Amino acid sequence: MNRYHLEGDSIDQFPAALVHWADQFRRSDQDEEALRRAIAALNVALTQAQTYLDDVGEVRQERRWNTPAFLFKVACRSVAVLDPAFADKMKSFGWGTEDFWSDAKQSGKIHIPDIRTACVVIEARLSGREPDLEEKPVGNAAQDERSKLVLIIASVLAALFGLGCISGGLLLMAAPGGGATSFDFLGFQVSTHQTGIAAIALGAASIILTFRMVLKTVVARGRTT
C-alpha cells in the first residue's frame, strides 16, 4: 500500500495507519460538516505532532490542550462519527497518550516527511480528491515563511548588536589613558579598559549564540526534507 513512498509503511504504524485509512475511505453519504471537522481535527493534531517531534531543543512544557496526545483524542472523536471502527483502532494504537509521543520523540521512529504526506492525503481523500504530493500544505508553507522571516530579522539584529559591542569595546580599550579612567558602577570602581573587555566579550557571545541558533535551525530543517 506504500504508493505514497512512506518511510514507515506498516499499516499499524503512525502515521501510515492514517494514510492507509484515508486512502481507502469512501465518502458515500457522509455528512459534509462531519468530514470538515474530521479534516480540521486531524490536520491540527498532525501539525502539532510534527512540531513536537521536530523540536531539536529541550522539550517545552506545552499546555495540556496543545499536546499531540490531547489533540489526537479530539481527532479520534471526530473520526468516530465517520468510522467508529478506525476510531477504536486509533485508541488502541495509543496516539492519545503522552507515553506514545514521549517514546516517539526519544526513539525517532516517526518520520517527519510521512506526517506531511499524511496531511496531504487525508485532506484530499476525505474531500473526494486525488492527493497532490507535489503541493506543500498551505499551513506549513505559511508557517515556514514566517519562521524564515523571524530567523533572518533576529540574526541580523543580534549580529549588529554583537559587532557594535565589539567595536565599542575596541574603541574604549584604544582610548588614550583609558586604563587610568574609572567610574562608579553599582558601587564598584570600573575602568574604561575593563568596560571595553566586557563589551567585546558580550559582542562575541551574541555572535556565537546567533551562529548556534542558525546552525540548529538549518540542521532541523535538513531533518524534515
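Structure: see above.
The model shown is predicted, which means the values in this text are computed figures rather than measured ones.

## A short note on the overall build of the chain
Secondary structure summary: the chain contains 8 helices and 2 strands in total. Reading the secondary structure of the chain in the N-to-C direction produces α-α-α-α-α-α-α-β-β-α. The burial tally for the chain puts 37% of its 225 residues in the buried class. For the chain, contacts bridging at least 24 residues in sequence account for 66% of all contacts bridging at least 6. Carbon and sulfur atoms make up 60% of the accessible area of the chain, which amounts to about 13300 Å² in all.

## A word on the packing of aromatic side chains
This structure, assessed with the given rule, holds 10 aromatic pairs. Seen from their ring centres, Phe 14 and Trp 95 are 5.1 Å apart, and the 75° between their planes marks the pair as edge-to-face. Here Phe 14 is found in the segment before α1 (16-24), whereas its partner Trp 95 is found in the loop between α4 (84-93) and α5 (98-107), with 81 residues between them in sequence. What makes Phe 14 buried here is its relative accessible area of 3%. Relative to Phe 100, the ring of Phe 14 has its centre 6.3 Å away and its plane inclined at 80°; by these criteria the two rings are edge-to-face. One end of the pair, Phe 14, is in the segment before α1; the other, Phe 100, is in helix α5, and 86 residues separate them in sequence. No difference in accessibility class separates Phe 14 from Phe 100, as the two residues are buried. One aromatic cluster is present, formed by Phe 14, Phe 72, Phe 93, Trp 95, Phe 100 and Trp 101 through successive ring pairs.

## Re the packing of α1 against helix α6 (residues 112-126)
Between α1 and α6, whose axes approach to 8 Å, the crossing angle comes to 20°. Looking at the two axes, α1 sits roughly parallel to α6. The handedness of the crossing between α1 and α6 comes out as left-handed. Of α6, the residues touching α1 (which contributes Leu 18, Val 19, Trp 21, Ala 22 and Asp 23) are Ala 118, Val 121, Ile 122, Arg 125 and Leu 126.

## Digging into the side chain of Ser 206
Among the secondary structure elements, Ser 206 is positioned in helix α8 (residues 192-223). Residue Ser 206 is classed as buried on the basis of its relative accessible area, which comes to 13%.

## Remarks on the packing of helix α3 (residues 68-82) against α4
Contact geometry of α3 with α4 gives a least axis separation of 6 Å together with a crossing angle of 160°. Classified by the interaxial angle, the pair formed by α3 and α4 is roughly antiparallel. Residues Phe 72, Ala 75, Cys 76, Val 79, Ala 80 and Leu 82 of α3 touch α4, and the partners they reach there are Pro 84, Phe 86, Ala 87, Met 90 and Lys 91. Considered class by class, the residues forming the contact of α3 with α4 number 10 nonpolar, no polar and 1 charged.

What counts and how
Residues numbered from 1 in each chain as written. Predicted model: local features only at pLDDT ≥ 70, side-chain atom pairs only at ≥ 80, totals over all residues. Heavy atoms only, no water. Helix = DSSP H or I, 4+ residues; strand = E, 2+ residues; numbered from the N terminus. Buried < 20%, exposed > 50% of the residue type's maximum accessible area, 1.4 Å probe, protein only. Contact = heavy atoms within 4.5 Å. Areas by Shrake-Rupley, 256 points an atom, 1.4 Å probe, with all protein chains shown as cover. Phe/Tyr/Trp six-rings, centres within 6.5 Å; stacked < 30°, edge-to-face > 60°. Axes fitted to C-alpha atoms, helices over the stretch in contact; angles between N-to-C directions. Parallel < 35°, antiparallel > 145°, perpendicular 65-115°, else oblique. Left-handed = near helix turned anticlockwise from the far one by under 90°. Nonpolar A, V, L, I, M, F, W, Y, C, P; charged D, E, K, R; others polar.

Spatial relationships are all this shows, so hold off on functional conclusions.
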